Amino acid sequence: MFRFIHTADLHLDSPLKALSRRNADLAEAIGVATRAAFERIVDKAIEERVAALLISGDLYDGSTKDMRTGLYLAECLRRLGKAGVHTFIILGNHDAETVAKPPFPDVETLTVFKPKASTHRFEEHEVAIHGASFRDNSVTADMTPGYPDPVQGWVNIGMLHTSLGGFSEHADYAPTSPARLGDKGYDYWALGHVHKSQVFQEGTPERPWIVYPGIPQGRDMGETGQGRAVLGTVSDGRINIEWFDTSAVVLERVPIDLSSAESFNDIQAEAGDIARTLIDASDHGRALLRPELAVPRALVPAVRRGRDDLLDLIQTNIQARTDRVAVEKIGIVASAGDNQRAEIDKGTLAHLTDMIRTGATADSDLVKELVKDFEAILAKLPPGLRAHPGHLNPLTDLDPESADHIAGWLESMAAEAVASAAAASKGDGS
Ligand SMILES: [Mn+2]
């Protein structure tokens, strides 16, 4: 039996763009998250006594200038070697041969493939590992024709960094196709580059496995979900795979329906429930979450203004129960089916008026900006609308009652803002 682990796109020590400043423990965990994910993979390789660890490109992010990352990697590779794990690395677009990066250590159990494809043979197991590296950060040609023929009667694994996806003229990442990969006659294509984890094609005796393990540790809200890597087993010439989790911190967007809220106060009152929903949404240990609040369109501006306070309120509610979950930021969307028909109730109006009053004493520049905004909005309203709120621009698709509210709201807001600005500039004493 021969076992291997297949990973890719570690982007070691690249910064997590979604840094949390609100939870020191979590921020620290996040700072070393890419290393922690790599360590999970190394530990698993040693624990499962695999023969080979395959890293299919972009181990380094390319922005990694810190030589300490190289020292850290060397330590991991030596640990793997001591446990009898041979590590195979191909270079991707981020860590291509010509890209500056820390040197790889001189370890007997490490193979870093050259741009010219070559093969490593496990004679005892009759398994061949074929691979080739990116020379530069762009490779526009299909690299597979340069790969060696399969070793007949053996299990053949090909490592390739590729965007797959046909032969688009603008594909800079060694484009190829499932058919071309199949033609090669290998049993398993250990791909890298695409950060979304997926079995692109399940292997059968007639066709190879084509697998993207995905990024083991997401770094922003474009890389959400639990990261994972492949544990492959070769037995009687057949390959079976299973997955294991790798993320040190799981990033996730969590949709939260607040469409029945009538005011910003209603939303603030939900903070405890929102916190509970977020904690329940993350049963994987540490998590950095973005609640995406679906609120009535009329409440969007108020929620946007109150976003920081709301975040603190939700985070406080979370911290009362656990320190493993943090809110990255609050996403705000208008709830579905709530286009132009939103009602603006008196509570919201009062809240906005309050905000402007408070803002006037605290920040007169803010008020001046608001006045400009409101004047611009008023200028854009159909001429009759201010005097006769019942006359609607059909494009806005408002019913008379809500239009009345909106016009009244805009006018009172503007009046309030102008009065507040006047009071504030008097108060300046300048
Ligand atoms: Mn890549």
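In the block above lies the structure referred to throughout.
The structure presented is a predicted model; accordingly, all values stated were derived computationally and were not measured.

Conventions we followed
- Residue positions are counted from 1 within each chain, in the order its sequence is given.
- For a predicted model such as this one, the threshold for reporting local features is a pLDDT of at least 70, and the threshold for listing and counting side-chain atom pairs is 80 or more; totals across whole chains, interfaces and linings nevertheless cover every residue.
- Working convention: axes come from line fits to C-alpha atoms, limited for helices to the stretch in contact. Angles between N-to-C directions cover 0 to 180 degrees.
- Note on conventions: DSSP H or I runs of at least 4 residues are helices, E runs of at least 2 residues are strands, and numbering of each starts at the N terminus.
- Oblique is the label for every angle not falling under 35 degrees (roughly parallel), over 145 degrees (roughly antiparallel), or within 65 to 115 degrees (roughly perpendicular).
- Each residue gets a C-beta atom placed from its backbone, and two residues are in contact if those atoms lie within 7 Å.
- Here, a nonpolar core denotes buried Ala, Val, Leu, Ile, Met, Phe, Trp, Tyr and Cys residues that are linked to one another through C-beta atoms within 7 Å.
- Our exposure labels follow a C-beta count within 10 Å of each residue's own C-beta, placed from the backbone: buried means 20 or more other C-beta atoms, exposed means 12 or fewer, and partly exposed covers the counts in between.
- An automatic or database domain assignment is the source of the domain bounds shown.
- Here, any two strands with at least 2 DSSP bridges between them count as paired.

## Focus: the packing of helix H2 (residues 33-47) against helix H3 (residues 67-82)
In step 1: Where H2 contacts H3, the two axes come as close as 10 Å, and the packing angle between them is 10°. As judged from the angle between their axes, H2 and H3 are roughly parallel. Contacts from Arg35, Phe38, Val42, Ala45 and Ile46 of H2 reach H3 at Tyr72, Cys76, Arg79 and Leu80.

## Remarks on the nonpolar core
In step 1: In terms of nonpolar packing, the biggest core is built from 87 residues, with Ile5, Leu53, Leu54, Trp189 and Val249 touching the most fellow members.
In step 2: Sorting elements by how many residues they give to this core places H2 first, with 6 residues.
In step 3: In terms of domain composition, this core takes at least three residues from each of domain 1 (2-245) and domain 2 (249-339).

## Structural notes on the pairing of strand E11 (residues 228-235)
If a strand is regular, its side chains alternate between the two faces of the sheet.
In step 1: The sheet contact formed by strand E1 (residues 2-7) and E11 spans 5 bridges and is antiparallel. Residue pairing for E11: Arg3 is matched across the bridge by Thr233.
In step 2: The pairing of E11 with strand E12 (residues 238-245) spans 8 bridges and is antiparallel. Counterpart to Arg228 in the pairing with E12 is Asp245.
In step 3: Linking E11 back to E12 in an antiparallel pair, the connection comprises 2 residues, with Asp236 at a positive phi of about 50°.

## Regarding the sheet that holds E11
In step 1: With mixed pairing, the 6 strands of this open sheet are ordered in space as E4-E3-E2-E1-E11-E12. Across the chains shown, the open sheet's two edge strands, defined by having one partner strand only, are strand E4 (110-112) and E12. Sheet twist, expressed as the average angle between the axes of neighbouring strands with direction ignored, equals 20°.
In step 2: Of the strand pairs in this sheet, strand E3 (residues 86-90) and E4 are connected by 3 bridges, and their pairing is parallel. When the sheet's bridge partners are listed, Ile89 is paired in E4 with Val112.
In step 3: Contacts between H2 and the sheet are confined to E1, strand E2 (52-56), E11 and E12, with E1 contributing the most and set at about 175° to the helix.

Interpretation note: all reported values are geometric properties and have no functional meaning in isolation.
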